[in-house]
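Examination of the molecular architecture
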Amino acid sequence: MSDCEGLNGKLGLFSVVFLIFNRVIGTGIYATPSVILRTSGSVGVALIMWLVGALIAAAGTTVYIELGTGLPRSGGEKNYLEFIYRRPKFMMTCAFSVYALITGSAAANSVVFGEYVIHSLNMTPNLYNTRLVAFLCLTFCLLAHGTTHKSGLRLQNALGFSKLLILCAIALSGLLCLARVPGFAVRDGYEVPRNFEWKTFWEGSGTGVNAFVTGLYSVIWSFIGYSNANYALSEVRDPIRTIKRAAPLAMFFVAMVYMFVNIAYFAAVSKDDILGSRRIVALLKDEVRAPAIQNLGKISSFKVVQELGREGILPYPSFFASNKPFNAPLAGLFTQYLVSCAFMLGPPPGDAYLFMISLSSYSSAIINTLVAIGLLLLYTPSYREWGWNPPFRAPKPIIVIFFLSNVFLVVIPLIPPSNGSRVYERLPYWVCTFLTF
């Protein structure tokens, strides 16, 4: 049987790599560069943000590999928080349920997918046609994964492989453009970008720490998904061995692709044009074409909903835990589908996209802080009797770095932005932190 299907329906190495890769790669690499450049102020600081985000993701991947090998079953952070913080009972379960619904929402991805489709049809995106396409996208994902599980898995692998090929093509085109290779230069009449000249490379830096962290949230949101395989470890063949190989491999490809694609953007598009565009794809459609299909199908937290049903936490647990009638997790997917539709249809345009990804990233930072400090506690004498002895152990300095980086991300947004700098166009800077708590 092919590796994409595994044995007895189990996921093999190839499927787990693309399970992570598909969750991470999506709208972030196209929709956030203009936001990140605006908050960083310069091309140099923007690239540093992407590097810092990659290092935080690498530390997080290492931490979650240890947790996944120590508790190799589906559920992800829910299992780890329940194992570490046992009192008061069900407190972590309830808190994580809300977190899973927020971060598992595919609203932001579906909206940007809608914009990309409308752009590809040479139409002007508006509130109605964008959300109509977004709704159809969410519905397609629900039916594909909720009624034909094996077909959905094959679709996931095919999309993941296409993402890798297309992004590699974009990165290569940008590098060839930067090297002034004939045939890859910007079109006639377009100003040749000078983003990598030393004088302009750092021009505009110094937007303030609050703006820097807001931009870093957008970077981290683009890396969210490194723990995606942990949600479905019960479905993985030889989960301990597979997660130790698949997670680093997937995230290495993600980090390399992200850095080279950003270099491609700055090589082909001027700084002013990137700052003036809400989505990089609006510019790249004439410079480097990027299919909207790359952002299709990012529905991922249904396994958490299913696990909550199996444990009787949710009302009507047999309904949420069941794989009937198609031998696929339709109930869990439908729950996420409803939440995604609500997020997609509810917020007004403008600050809505940045707010959604900031809310997701800030919630993730809080959960990661609790996970990291909890993992450190498991090595203290007070927790020794719990017998934590995973097959893979993350280096203590890596755990500490992951913990401190997430504490930084939780605390800094509470500081007001510097004068003349705005996080949102209309919303107050503290709205994301307030609503998260």
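Everything here concerns the structure above.
The shown structure was predicted, so the numbers you read here are calculated from the model rather than taken from an experiment.

Here's the deal with the environment of Leu 142
Structurally, Leu 142 can be placed in helix α8 (residues 127-147). Each C-alpha atom, one on Leu 142 and one on Pro 329, is 9.8 Å from the other, the two residues being 187 residues apart in sequence.

So, the state of the cysteines
Across all of its chains, the model carries zero disulfides by this definition. With no disulfide of its own, Cys 141 lies closest to Cys 137 among cysteine sulfurs, the gap being 4.4 Å. A relative accessible area of 3% means that Cys 141 is categorised as buried.

Section: unusual backbone geometry
Across the junction of Arg 87 and Pro 88, the peptide omega takes the value -10°, indicating a cis bond. Of note, Asn 122 is a non-glycine position whose phi angle comes to about 60°, a positive value. Residue position: Asn 122 is located in the loop between α7 (107-120) and α8. Since its relative accessible area comes to 71%, Asn 122 is described here as exposed. The phi dihedral of Asp 238 falls on the positive side, at around 50°, and the residue is not glycine. If you trace the backbone, Asp 238 turns up in the loop between α11 (209-223) and α12 (239-268).

Examining the side chain of Ser 405
Mapping Ser 405 onto the fold places it in helix α19 (residues 396-411). A polar contact of 2.8 Å, which involves the side chain of Ser 405, links it to the backbone oxygen of Phe 402.

As for a nonpolar patch on the surface
Taken together, the side chains of Leu 175, Leu 178, Phe 196, Leu 249, Phe 252, Phe 253, Met 256 and Phe 260 make up a nonpolar region of the molecular surface, amounting to roughly 640 Å² of accessible area. Ranked by residue count, the leading element in the nonpolar patch is α12, at five residues. Relative to the elements of secondary structure, Leu 178 occurs in helix α9 (residues 149-178). Leu 178 sits in the partly exposed class, given a relative accessible area of 35%.

Side note on the pattern of salt bridges
The full count for this structure, using the stated rule, is one salt bridge. For Lys 78, the salt bridge goes to Glu 82, with nearest N and O atoms at 3.1 Å. With Lys 78 and Glu 82 both in helix α5 (residues 77-84) and four residues apart, the pair spans about one turn of that helix. The exposure class assigned to Lys 78 is buried, which follows from its relative accessible area of 1%.

Points about the packing of helix α1 (residues 13-24) against α12
Taken N-terminus to C-terminus, the directions of α1 and α12 make an angle of 40°; their axes are 9 Å apart at the nearest point. When the axes of α1 and α12 are compared, the pair comes out oblique. For the element pair α1 and α12, the recorded crossing hand is right-handed. Only Thr 242, Arg 245, Ala 246, Ala 247, Leu 249, Ala 250, Met 251, Phe 253, Val 254 and Tyr 258 of α12 make contact with α1, whose side of the interface consists of Leu 13, Val 16, Val 17, Ile 20, Phe 21 and Val 24. Tallied by class, the residues present in the contact of α1 with α12 amount to 14 nonpolar, one polar and one charged.

A few points about the packing of helix α3 (residues 33-40) against helix α4 (residues 43-70)
Relative orientation of the contacting elements α3 and α4 amounts to 115°, with a least axis distance of 8 Å. Where α3 crosses over α4, the handedness of that crossing is right-handed. Judged by residue contacts, Ile 36, Leu 37, Thr 39 and Ser 40 of α3 engage Val 43, Val 45, Ala 46, Met 49 and Trp 50 from α4. Tallied by class, residues from the contact of α3 with α4 come to seven nonpolar, two polar and no charged.

Calculation criteria
- Residues numbered from 1 in each chain as written.
- Predicted model: local features only at pLDDT ≥ 70, side-chain atom pairs only at ≥ 80, totals over all residues.
- Heavy atoms only, no water.
- Helix = DSSP H or I, 4+ residues; strand = E, 2+ residues; numbered from the N terminus.
- Disulfide = S-S within 2.5 Å.
- Buried < 20%, exposed > 50% of the residue type's maximum accessible area, 1.4 Å probe, protein only.
- Polar contact = N/O pair within 3.5 Å; in protein donor to acceptor, adjacent residues only side chain to side chain.
- Patch = residues over 30% accessible without salt bridge, like charges linked within 9 Å, V, L, I, M, F, W, Y side chains within 5 Å.
- Areas by Shrake-Rupley, 256 points an atom, 1.4 Å probe, with all protein chains shown as cover.
- Salt bridge = Lys/Arg side-chain N within 4 Å of Asp/Glu carboxyl O.
- Axes fitted to C-alpha atoms, helices over the stretch in contact; angles between N-to-C directions.
- Parallel < 35°, antiparallel > 145°, perpendicular 65-115°, else oblique.
- Left-handed = near helix turned anticlockwise from the far one by under 90°.
- Contact = heavy atoms within 4.5 Å.
- Nonpolar A, V, L, I, M, F, W, Y, C, P; charged D, E, K, R; others polar.

Shape is all these values report; function is a separate question.
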